[in-house]
Amino acid sequence: MPITDRRTLLRSAAALPLVTATANMALAQGSETASGAAAKPAPAKDVTRTLAHYLVTANYDDLPANVRKEGVRTLLNWVGVAIGGSHHQTVDIAVSALSPFSGPAQASLFGRRERFDIMNAAFINGVSSHIFDYDDTHLKTIIHPAGPVASAILALSEMQPVSGKEFLNALVLGVETECRIGNAVYPNHYDVGWHITGTAGVFGSAAAVGKLLKLNEQQMVWALGLAASQPVGLRESFGSMNKSFNPGRAASSGIFAAMLASKNFTSSDGMIEAKRGWANTISTKQDYNEITGDLGKRYEAALNTYKPFACGIVMHPAIDAAIQLRNENKLTADQVERVELKVHPLVLELTGKKTPREGLEGKFSIYHAVAVAIVEGAGGEKQFSDRAVADPTIVALRGKVIPTITPGIDPAQVDMTIVLKDSRALNRRIEHAIGSVEMPMTDKQLETKFADLADGIIPAPSIRRVMDACWNVETLPNAAEIAKMSVSS
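Residues numbered from 1 in each chain as written. Predicted model: local features only at pLDDT ≥ 70, side-chain atom pairs only at ≥ 80, totals over all residues. Heavy atoms only, no water.

Asker: Looking at this model, I keep getting lost on the overall build of the chain. Mind explaining?
Answerer: Summing up its helical and strand segments, the chain has 23 helices and 8 strands in all. Relative to its length of 489 residues, the chain is compact, with a C-alpha radius of gyration of 22 Å against a globular reference of 23 Å. If you line up the chain on its principal axes, its C-alpha atoms span 70 × 65 × 40 Å. Residues counted as buried form 59% of the 489 residues belonging to the chain. Within the chain, counting contacts between residues at least 6 apart in sequence, those at least 24 apart form 77% of the total. Taken as a whole, the chain presents about 18,300 Å² of accessible surface, with 55% of it coming from carbon and sulfur. If the 48 positive side-chain charges of the chain are averaged to one point and the 49 negative ones to another, these points end up 1 Å apart. (Helix = DSSP H or I, 4+ residues; strand = E, 2+ residues; numbered from the N terminus. Rg over C-alpha atoms; globule rule 2.2 N^0.38 Å. Buried < 20%, exposed > 50% of the residue type's maximum accessible area, 1.4 Å probe, protein only. Contact = heavy atoms within 4.5 Å. Areas by Shrake-Rupley, 256 points an atom, 1.4 Å probe, with all protein chains shown as cover. Lys, Arg positive; Asp, Glu negative; His and termini not counted. Charge placed at Lys NZ, Arg CZ, Asp CG, Glu CD.)

Asker: In this structure, what is going on with the packing of aromatic side chains? I would like to understand it.
Answerer: Each pair of aromatic rings is reported with the distance of its centres and the angle of its planes. Evaluated as defined, the whole model comprises 5 aromatic pairs. Geometrically, the ring pair formed by Phe123 and Phe245 is edge-to-face, given 5.4 Å between the ring centres and 70 degrees between the ring planes. Within this pair, whereas Phe123 is found in helix α6 (residues 118-130), its partner Phe245 is found in helix α12 (residues 242-262), the two being separated by 122 residues in sequence. Since its relative accessible area comes to 10%, Phe123 is described here as buried. If you follow Lys243 out to its NZ or CZ, it ends over the ring of Phe238, 4.8 Å from the centre. When the ring centre of Tyr134 is taken as origin, the NZ or CZ atom of Lys449, which lies over that ring, is 4.2 Å away. (Phe/Tyr/Trp six-rings, centres within 6.5 Å; stacked < 30°, edge-to-face > 60°. Lys NZ or Arg CZ within 6 Å of the ring centre and 35° of its normal.)

Asker: Sorry, what's going on with the pattern of salt bridges here?
Answerer: Should their charged atoms come close, side chains of opposite charge can pair. Using the criterion set out here, one finds 26 salt bridges in the structure. Arg428 is the partner of Glu328 in a salt bridge, and the nearest nitrogen-oxygen pair spans 2.8 Å. Remark: Arg428 occurs in strand β8 (residues 425-430) and Glu328 occurs in helix α15 (residues 316-329); sequence separation between them is 100 residues. Among the ionic pairs, Glu431 bridges to Arg429, the shortest N-O distance being 2.6 Å. The exposure class assigned to Arg429 is partly exposed, which follows from its relative accessible area of 35%. Taken together, the shared-partner salt bridges in this structure form one network comprising Lys69, Glu70, Arg73 and Asp443. (Salt bridge = Lys/Arg side-chain N within 4 Å of Asp/Glu carboxyl O.)

Asker: In this structure, what is going on with the environment of Met271? I would like to understand it.
Answerer: Inspection of the secondary structure puts Met271 in the loop between α12 and α13 (278-282). When its relative accessible area of 18% is taken as the criterion, Met271 is described as buried. In this structure, Met271 is in contact with Thr48, Gly225, Ala228, Ser229, Gly277 and Trp278, ignoring residues within four places of it in sequence.

Asker: What should I look at first to understand unusual backbone geometry in this one?
Answerer: With glycine set apart, most residues show a phi of negative sign, and most peptide bonds adopt trans. Cis geometry marks the peptide bond from Tyr186 to Pro187, where omega comes out at 10 degrees. Position of Pro187 relative to the elements: it lies in the loop between α8 (164-185) and α9 (188-191). We note that Asp133 has phi near 55 degrees; this positive angle belongs to a residue other than glycine. With respect to the secondary-structure elements, Asp133 resides in the loop between α6 and β3 (137-138). A residue is classified by how much of its surface remains accessible, and Asp133, at 3% relative accessible area, is buried. In the Ramachandran plot, Ile142 falls in the positive-phi region, its phi being about 60 degrees despite a non-glycine side chain. Relative to the elements of secondary structure, Ile142 occurs in the loop between β3 and α7 (146-157). Owing to a relative accessible area of 10%, Ile142 belongs among the buried residues under this scheme.

Asker: Teacher, can you tell me more about the sheet that holds strand β6 (residues 401-405) here?
Answerer: Two orientations exist for strands paired in a sheet by backbone hydrogen bonds: parallel and antiparallel. With respect to topology, 4 strands assemble into an open sheet ordered β6-β5-β7-β8, the strand pairing being mixed. A single partner strand is all that each edge strand has here, and the edge strands are β6 and β8. Adjacent strand axes in the sheet meet at a mean angle of 15 degrees, parallel and antiparallel pairs treated alike. Summarising the sheet, strand β5 (residues 336-343) and β6 pair through 5 bridges and their orientation is parallel. Across the sheet, residue Val339 finds its bridge partner in β6, namely Val401. Each of β5, β6 and β7 (414-420) touches helix α18 (residues 366-376); the most contacted strand, β6, lies at about 130 degrees to it. (Pairing = 2+ DSSP bridges. Axes fitted to C-alpha atoms, helices over the stretch in contact; angles between N-to-C directions.)

In structure tokens:
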């Protein structure tokens, strides 16, 4: 999809936080074509089966080179954030709570010594990979695709042999599935309060696991149907441990669905598109062409992006601008009179917490994000810690941050003016922040991010070995090697 179309979707995401019935009808009818005629959405017929047929027939050799490369970058980024988040208090709590109930020690916990059964391992690794809010992002839907999918299939690969090529194919297909399904209901589904990473992510997990289990078409239909029965995640959870629960649960629920389907546990054949199915039940917008159109030709998985900053994606332009102005002018907090931001409504809707009390809340505070970027010149996980949100210098400066909703500003943009006490005004407008589709992180930047996250958690020599294994996943005889070398000593 062209970049302009993606930006149109993003703009629509928050222009109507609660979409009216009239707007919903217009969205369902599709956009205007060049001739002025309304484009008709794909009919609500055989959507689940069409997708299932594609999933069971799609092969590794069918993947274009650029899609394979983005799949590898997705894997590398995910492994890094899973290791990096592995000793957060949230993960410690999950391990403690679930260990009495874990089954056989089938799968690794990234960055830790414990081993759990595959469903609980997938859940915990999904939590670990999302707790820093540092994972990948499909910007059209704000889905974090890898968490539900990679967590599930890496756990499965430790229970049954999975070649690197099979693994990468399943990863791409899982990401493709959840993002296409997300496209079909975004933004209405998200606006009403669903956390789309969980609600769409479960389909990605089920599809990827089902592919590795070699489900037939009917079984894949059932796996998708059982996934549809398990939507998880509400936006009210943002800023708490519960947010990372959502991709973790989507991962384990997808395994649950695929395993049941592999034994012929049935579901409706139209669970995505039926009148009382998933899409009609949880959204007022349904564009099924986003799911079934150009399968195997148009790849949403090729549009995945990776965060340079460990927080909500809509704050990234402001952090980028703040760091640039700070570094260019050698700014210190005591020079700043105020920081004026022109922003899209989505910025305040998602990240309007003025006084975050802990690091997780700081990830959803535009006030904290700008202040810490000016003070510390960074936006990594250390800048969104409990320490950072309580720092007196940062607390004082965030009170000087003034965001203003401004017509004509895209969610991917910001216009920042830092007014100094000597009356100088420093301005920076960001059209595309680093980490966006237009300004992607380089392979080298992804490696630097990975190394920073893994430092002190897994042995230093292992960091390079794990990165190399990710880059060369297609040559691995068993993808489980990545999981086994990603644990603490």
